[in-house]
Protein chains: 6
Amino acid sequence: MENPTRPSGRSANAMRPVSITRRFTRHAEGSVLVCFGDTQVLCNASVENRVPGFLRGKGEGWVTAEYGMLPRATHTRSDREAARGKQGGRTLEIQRLIGRALRACVDRTALGERTITLDCDVLQADGGTRTAAITGAYVALADAIQGLLDAKAILRNPLHGAVAAVSVGIYRGMPVLDLDYAEDSDCDTDMNIVMNDGGGFIEVQGTAEGHAFRRDELNALLSLAEQGCRELLAAQQAALAG
Amino acid sequence: MENPTRPSGRSANAMRPVSITRRFTRHAEGSVLVCFGDTQVLCNASVENRVPGFLRGKGEGWVTAEYGMLPRATHTRSDREAARGKQGGRTLEIQRLIGRALRACVDRTALGERTITLDCDVLQADGGTRTAAITGAYVALADAIQGLLDAKAILRNPLHGAVAAVSVGIYRGMPVLDLDYAEDSDCDTDMNIVMNDGGGFIEVQGTAEGHAFRRDELNALLSLAEQGCRELLAAQQAALAG
Amino acid sequence: MENPTRPSGRSANAMRPVSITRRFTRHAEGSVLVCFGDTQVLCNASVENRVPGFLRGKGEGWVTAEYGMLPRATHTRSDREAARGKQGGRTLEIQRLIGRALRACVDRTALGERTITLDCDVLQADGGTRTAAITGAYVALADAIQGLLDAKAILRNPLHGAVAAVSVGIYRGMPVLDLDYAEDSDCDTDMNIVMNDGGGFIEVQGTAEGHAFRRDELNALLSLAEQGCRELLAAQQAALAG
Amino acid sequence: MENPTRPSGRSANAMRPVSITRRFTRHAEGSVLVCFGDTQVLCNASVENRVPGFLRGKGEGWVTAEYGMLPRATHTRSDREAARGKQGGRTLEIQRLIGRALRACVDRTALGERTITLDCDVLQADGGTRTAAITGAYVALADAIQGLLDAKAILRNPLHGAVAAVSVGIYRGMPVLDLDYAEDSDCDTDMNIVMNDGGGFIEVQGTAEGHAFRRDELNALLSLAEQGCRELLAAQQAALAG
Amino acid sequence: MENPTRPSGRSANAMRPVSITRRFTRHAEGSVLVCFGDTQVLCNASVENRVPGFLRGKGEGWVTAEYGMLPRATHTRSDREAARGKQGGRTLEIQRLIGRALRACVDRTALGERTITLDCDVLQADGGTRTAAITGAYVALADAIQGLLDAKAILRNPLHGAVAAVSVGIYRGMPVLDLDYAEDSDCDTDMNIVMNDGGGFIEVQGTAEGHAFRRDELNALLSLAEQGCRELLAAQQAALAG
Amino acid sequence: MENPTRPSGRSANAMRPVSITRRFTRHAEGSVLVCFGDTQVLCNASVENRVPGFLRGKGEGWVTAEYGMLPRATHTRSDREAARGKQGGRTLEIQRLIGRALRACVDRTALGERTITLDCDVLQADGGTRTAAITGAYVALADAIQGLLDAKAILRNPLHGAVAAVSVGIYRGMPVLDLDYAEDSDCDTDMNIVMNDGGGFIEVQGTAEGHAFRRDELNALLSLAEQGCRELLAAQQAALAG
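Please read all numbers here as calculations on a predicted model, not as lab measurements.

Participant: Explain the packing of helix H2 (residues 89–103) of chain B against helix H4 (residues 129–150) of chain B to me, please; I cannot follow it from the model alone.
Facilitator: Helix-helix packing: each pair is described by the crossing angle between the helix axes and the interaxial distance. Residue and element names in this part refer to chain B. Relative to each other, H2 and H4 sit at 40°, their axes nearing to 10 Å. By the angle between their directions, the pair H2 and H4 is classed as oblique. Crossing angle aside, the handedness with which H2 passes H4 is right-handed. Between H2 and H4, the contacting residues are Arg 90, Ile 94, Leu 97, Ile 98, Ala 101 and Leu 102 on the first element and Thr 129, Arg 130, Ala 133, Ile 134, Ala 137, Tyr 138 and Leu 141 on the second.

Here it is as structure tokens:
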């Protein structure tokens, strides 16, 4: 069988162009615009000197995330969640994922009784918003933490390692890296992978959309994801060095 | 290193006793009490002759799930979601997972313009409520569909194959099958796997709670899950034959 | 006029079979499954060492109830209140009634600054869920309080006497005891009565569904209710002695 | 034992001065200000040519009520329910009661596919707001129905008889009629009774606040309520004749 | 062009009859029924010894307002906001305006850590409810503050000057004062003006409904409003002297 | 008295640099990033072939707006409205204003049964977000309408004229144009003005924050606003010609 062609013409293991722009807005302690191709997510890190009730008085900090999609980030307008009066299940699921992913590289005791909130707002969506959000939010988090270190508000760096995330999937029988919207809406399996810079897995979330996937397909997807995350981790370091 | 002992004394690949009781309540078209050890979930299937708005007039059916936990299913009482006025993120995430898992084995065109809702209510929780819910809900769904076939409301069986789910995790360095609460609250990696009776994966959701997991650990977990799902799929068939 | 026959074949003053099962689930301080025929309500008592704001610092405890109906406890599925985002008027009315009824037999000063919450969740409904809930919740409350006494957390028994509840109504002109669903949906008058073990009335709530009821009809209903509550109070004591 | 004195100096069977003012505001089809002493409730009847979903196409009408309390109708300010974002349990309970009471005297088929909503808003509260609301809402309902008859929108009067309501209670051991706030907050038993002009009972709702009440006490309260409702039914007729 | 006639027959600069009735209900620290013609608003001032979170511990007080419209204050019934579960945008806008207007004449330091809430509830609407509310609420506020002074709870009068409000608009080309509903629903420009007794402007809110308004039209409207506010300020003083 | 200096060093009648970038995101029918200095608002216009219920079947279209502020658009993080479950009063007030302003230049009959929604989301705030939103939303609206004309979906241009908005205020006694955050939080009077390209006023909303403003101050502010709106209307035309 001939190799199916990806709608974008990319080869199976090619990511879209990735850009990470720091200091995108001026008020946040960390502010990053991350683009995976046409997917654009603004990730703002805010530091506050308080923790949620369940942590009060324990000498630990908290890292959490909120996720939103501007109503017209998508092909057709979707309802504004603030106007509907509640966040949908997809939104809650994604922001819980982002928060867990980032907490995996933070020593919360070294952070002290502080909360860092990562607001990830999708300005334009073309598939992979949650993986872009995690990848960008890490950089915003690193900037916010550096600010605390620079100000000597904390003495020890709470950040151990880095995390990045990418999607992989089976498009017309072919395992591919970094799905865009055209692929995402027409693929058999969709998987989001979060990894750290030690090559360990933080999250693996795979869903069979069409037929169930076999163990060998899963293995092929994991290998693609490992490559993609390595590239993203390098892009993060390049941005932070910039 | 000596092998750590599981709190329950089970061997690493031993599931808890599983029971599947059909016709547990009398009104629902399918009603199953599923127990994975001390975890007890009541799964009721309701058939209604209408579909959500986005499917109206398309000649297709819908299968969906709702999940709830009785306030005192757990060690300490948790707030009643109806009283708080909204379902939490965990609840939404789980009920979305159950719905996706079951839709993976249903031909929605054969179902006609009907909705089958699977209400999965946890009466008692001891870890693994979402995997027990999926496993039990499948049996309730099968009973509801058999009722439609018996009544000649539908002519062709919309059910293709079966699905079951189990949790696996790394407890004190040891990959183990079917985590109970004592293990779940003290494990490094927690993974929920949904498989079908063809040995294919429907969902893979793994989270590193402590340290990130390596590829070989992931492989060990997947193998345990394959075994667990095989046992559960057999238990489902035994129950349906009963 | 010939005597009308009840749908169940019961005589006018016959209750349905009543069962009260203690320790139905394992986490709650008191856990009772109560059945009035096909009506099944799970009543869990939870003890917490805090009181609502209006009682803080007054040295008194609180006893309250929450009521819920599983979506498919009924003939046709009803919306899940947690998903709709609010509890309906009927639910609020019933849980307020259960709370008042139980507080009528508790010395809240002897309880100390504790809250006991009675969660009454209907697994299966066939009429009389609120009266079953009160009757079962009393037993769960008694178990929870006994636990506090056994643990010497409190020194004096806050429970004075017992309460039970039953419904009565006029079905096709005949006063009858303990309405089931078939009667409830086709009766002229529906009345719920809560009594204590001293023969006193705690609550009397009667509604004319069809024609208004006369004083003599009311008297006949009250006499039936007195008999029914006596039987239920005996069943509670038998269960607690078990 | 000497007879206790009521705070207001009234004799045990004396109601407060009752006034019923029709056409209190100008837009509503029926608008009544009813006062039981210092309790003042504005009852507006609105006629709309539509029915709730469950009645659509059945050729029947609907009569329903909504109840509200201005935030400063009471001694201390209570939260505005619109600002809190939900109606409390007490509010829902009362408006359900008012609706049921009024439907008891309406032939909904004669009403045609119309809804009459009775908005009962408490301007000033001094005990007995729900019984005043029922009593006043009946007059507003009668005015609204008369308007439909006058306009020949309906040909047959849907109103059969009248309903009125009063509270009774046991204050310091003495059965008394029409509790004001001072008595209501310090009484052992509180009962609200709705009756029709045929002397039949529509609703009986009694609650023991302190000690449980005996059968003979209940009988004394019912007799007082019969007298009070007779007086209120006469006041309604006088107002309607005015 | 001939002068158009106002629906009410009033001349262009004539206000409707204004009445201000103090002590309208008995519980509130200030209670005023204000009428601008058929527009009737009950304004109750409540004093509470606490302040919102953002002012706690600052030694300052707060003055705020809530606004509501009884469902049948209007020609056709509108939904009860408490039942819908939220206040509409118009309501929030108006209550924010009332609060700002009244704070403009209060020295919040002299008030001490107290909140005065002005509940403005529209019993009957015929245009101009927000301006009537501001005008009446000022008098209720003055009464509440006098009560604090009389009780020596505060030593210095926090009230500096007075505020009143009126609407003006361009009706069929003619600038007119104090629009009633018939004019309001058929006018080109609608403007609400709040002024103080020093002749200064507190709020100017003008909206072009039909064509945009010119500078000279705006000037004519402002002059009418100045006259109207002067009359209202005099009516307030007369009422307070009464 | 010497002239006070504006924090930005601008002269009293100098606006901040204004930029209007069209086609900022790719999915919306009109997408504009508007900047008034450091205030950045993304204005997306979405065309949908349906109208709200109150316009159905009337052959008219609708133009409406929604407004949001990213949580960290401001100096300190504010709560996400979607997470809190409701839009605040300020948000509702602003989006109602934007909608009214834009409808003032649209012939809704020529639009046909379509809704154009303007989503105005503040990415970065430095004062004047609502006036920037109106100014930018007009351009997005013009682009969306041009798209309909180009596609021949409509035959006649519904747009008559243009609207723009600017804020003015009295900063330390000096009337100034286009307040930034530093001025806004420290000014005596704050006024937002919407004008059309014919020099007419669409909205005038002025609030005395400190002392009340006099007629002559109001006149000075209006003159500044006229100048500012002229400049903004020119900037809009330049952008649309680009």
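Participant: Help me out: how do you make sense of the interface of chain A and chain F in this one?
Facilitator: Interfaces are often sized by the accessible area lost when the parts come together. Counting residues at the interface gives 37 residues for chain A and 37 residues for chain F. Where chain A abuts chain F, roughly 3000 Å² becomes buried across the two surfaces, and 48% of that area is made up of carbon and sulfur atoms. The largest per-residue losses of area from chain A upon contact with chain F belong to His 27, Arg 72 and Arg 77 of chain A, which jointly make up 26% of the total buried on that side. Taken together, the links from chain A to chain F amount to 14 salt bridges. Here Arg 72 of chain F ties to Glu 29 of chain A by a salt bridge, and the two come within 2.6 Å at their closest N and O atoms. Summed over the shared surface of chain A and chain F, the result is 22 residue pairs in polar contact (both at pLDDT 80 or more).

Participant: So what exactly am I meant to see when it comes to the pairing of strand E7 (residues 174–177) of chain D here?
Facilitator: One face of the sheet, then the other: side chains in a regular strand alternate in exactly this way. Residues and elements named next belong to chain D. Here strand E6 (residues 163–171) pairs with E7 via four bridges, running antiparallel. Within E7, the position partnered with Val 168 by the bridge is Leu 177. The hairpin formed by E6 and E7 contains two residues between the paired strands, and Arg 172 there has a positive phi angle of roughly 50°.

Participant: How should I be thinking about the packing of aromatic side chains in this particular structure?
Facilitator: Aromatic ring pairs: the centre-centre distance and the angle between the two ring planes describe each pair. Applying the stated criterion to the full structure yields twelve aromatic pairs over all chains. Between Phe 213 of chain A and Phe 201 of chain B the ring centres are 5.7 Å apart and the planes differ by 25°, which places this aromatic pair in the stacked class. Separated into two different chains, Phe 213 of chain A in the loop between strand E9 (201–208) and helix H6 (215–241) and Phe 201 of chain B in strand E9 (residues 201–208) make up a pair that spans both. Each of the two residues, Phe 213 of chain A as well as Phe 201 of chain B, counts as buried. Consider the rings of Phe 54 of chain F and Trp 62 of chain F, whose centres lie 5.2 Å apart with planes at 90°: the pair is edge-to-face.

Participant: Explanation requested: the environment of Met 15 of chain A in the structure shown.
Facilitator: Residue and element names in this part refer to chain A. Mapped onto the fold, Met 15 is located in the segment before strand E1 (18–22). Classification of Met 15 as buried rests on a relative accessible area of 12%. Those residues within four positions of Met 15 in sequence are excluded, and the remaining contacts are Arg 10, Phe 36, Val 166, Leu 177, Asp 178, Gly 228, Glu 231 and Leu 232.

Participant: Would you take a moment to explain the UniProt feature "binding site: phosphate" (unreviewed entry) in chain A for this structure?
Facilitator: Within the UniProt annotation, "binding site: phosphate" (unreviewed entry) is assigned to Arg 90, Gly 128, Thr 129 and Arg 130 of chain A. The annotated residues occupy 41 residues of the chain but converge on a single region, no pair of C-alpha atoms lying more than 13.3 Å apart. Locating Arg 90 of chain A in the fold gives a position in helix H2 (residues 89–103). The exposure class of Arg 90 of chain A is partly exposed, given its relative accessible area of 31%. What Arg 90 of chain A contacts, discounting residues up to four positions off in sequence, is Tyr 67, Met 69, Thr 129 and Arg 130 of chain A together with Arg 96 of chain B.

Participant: So what exactly am I meant to see when it comes to the UniProt feature "domain: Exoribonuclease phosphorolytic" (unreviewed entry) in chain A here?
Facilitator: Under the UniProt annotation, "domain: Exoribonuclease phosphorolytic" (unreviewed entry) lies at residues 15–144 and 162–227 of chain A. Across residues 15–144 of chain A one finds 30% helix and 31% strand; the C-alpha atoms that close the span lie 28 Å apart.

Participant: What exactly am I supposed to notice about the layout of surface pockets here?
Facilitator: Rolled over the atoms, a probe as big as a water molecule pinpoints where empty space is left. Of the voids in this model, the second largest pocket is the one considered here, and its volume is about 1100 Å³. Forming the walls of the second largest pocket are 31 residues, and the residues nearest its centre are Arg 90, Arg 130, Asp 184, Asp 190 and Glu 209 of chain E. Looking at the lining of the second largest pocket, the elements that each hand over two or more residues are helix H2 (89–103), helix H4 (129–150), helix H5 (181–184), strand E8 (189–196) and strand E9 (201–208) of chain E together with helix H2 (89–103) and strand E9 (201–208) of chain F.

Participant: Help me understand the sheet that holds strand E4 (residues 62–69) of chain C, please; the structure alone is not making it clear to me.
Facilitator: In sheet architecture, strand pairing relies on hydrogen bonds along the backbone and comes in two forms, parallel and antiparallel. Residue and element names in this part refer to chain C. Here we have five strands laid out as an open sheet, ordered E1-E2-E3-E5-E4, and mixed in their pairing. On the outer flanks of this sheet lie strand E1 (18–22) and E4, each paired with one strand and no other. The mean inter-strand angle of the sheet, taken between neighbouring strand axes irrespective of direction, is 20°. Sheet topology places strand E2 (residues 30–36) next to strand E3 (residues 39–48); seven bridges connect them, and they run antiparallel. The residue bridging Ser 31 from the neighbouring strand is Asn 44, located in E3. Strands in contact with helix H4 (residues 129–150) are E1, E2, E3, E4 and strand E5 (115–124); relative to E3, the strand with the most contacts, it is inclined by about 35°. Packing against the sheet, helix H6 (residues 215–241) makes contact with E1 and E2, and its axis sits at approximately 30° to E1.

About the cut-offs
Residues numbered from 1 in each chain as written. Chains lettered and ligands numbered in written order. Predicted model: local features only at pLDDT ≥ 70, side-chain atom pairs only at ≥ 80, totals over all residues. Heavy atoms only, no water. Axes fitted to C-alpha atoms, helices over the stretch in contact; angles between N-to-C directions. Helix = DSSP H or I, 4+ residues; strand = E, 2+ residues; numbered from the N terminus. Parallel < 35°, antiparallel > 145°, perpendicular 65-115°, else oblique. Left-handed = near helix turned anticlockwise from the far one by under 90°. Contact = heavy atoms within 4.5 Å. Buried area = accessible area lost by both parts, 1.4 Å probe. Salt bridge = Lys/Arg side-chain N within 4 Å of Asp/Glu carboxyl O. Polar contact = N/O pair within 3.5 Å; in protein donor to acceptor, adjacent residues only side chain to side chain. Pairing = 2+ DSSP bridges. Phe/Tyr/Trp six-rings, centres within 6.5 Å; stacked < 30°, edge-to-face > 60°. Buried < 20%, exposed > 50% of the residue type's maximum accessible area, 1.4 Å probe, protein only. UniProt positions renumbered as here; feature names shortened; annotations may be inferred. 1 Å grid on protein atoms, 1.4 Å probe; cavity = no way out; pocket = protein on both sides within 12 Å on 5 of 7 lines; lining within 4 Å. Points joined across faces, edges and corners; volume = space filled by probe spheres on them.

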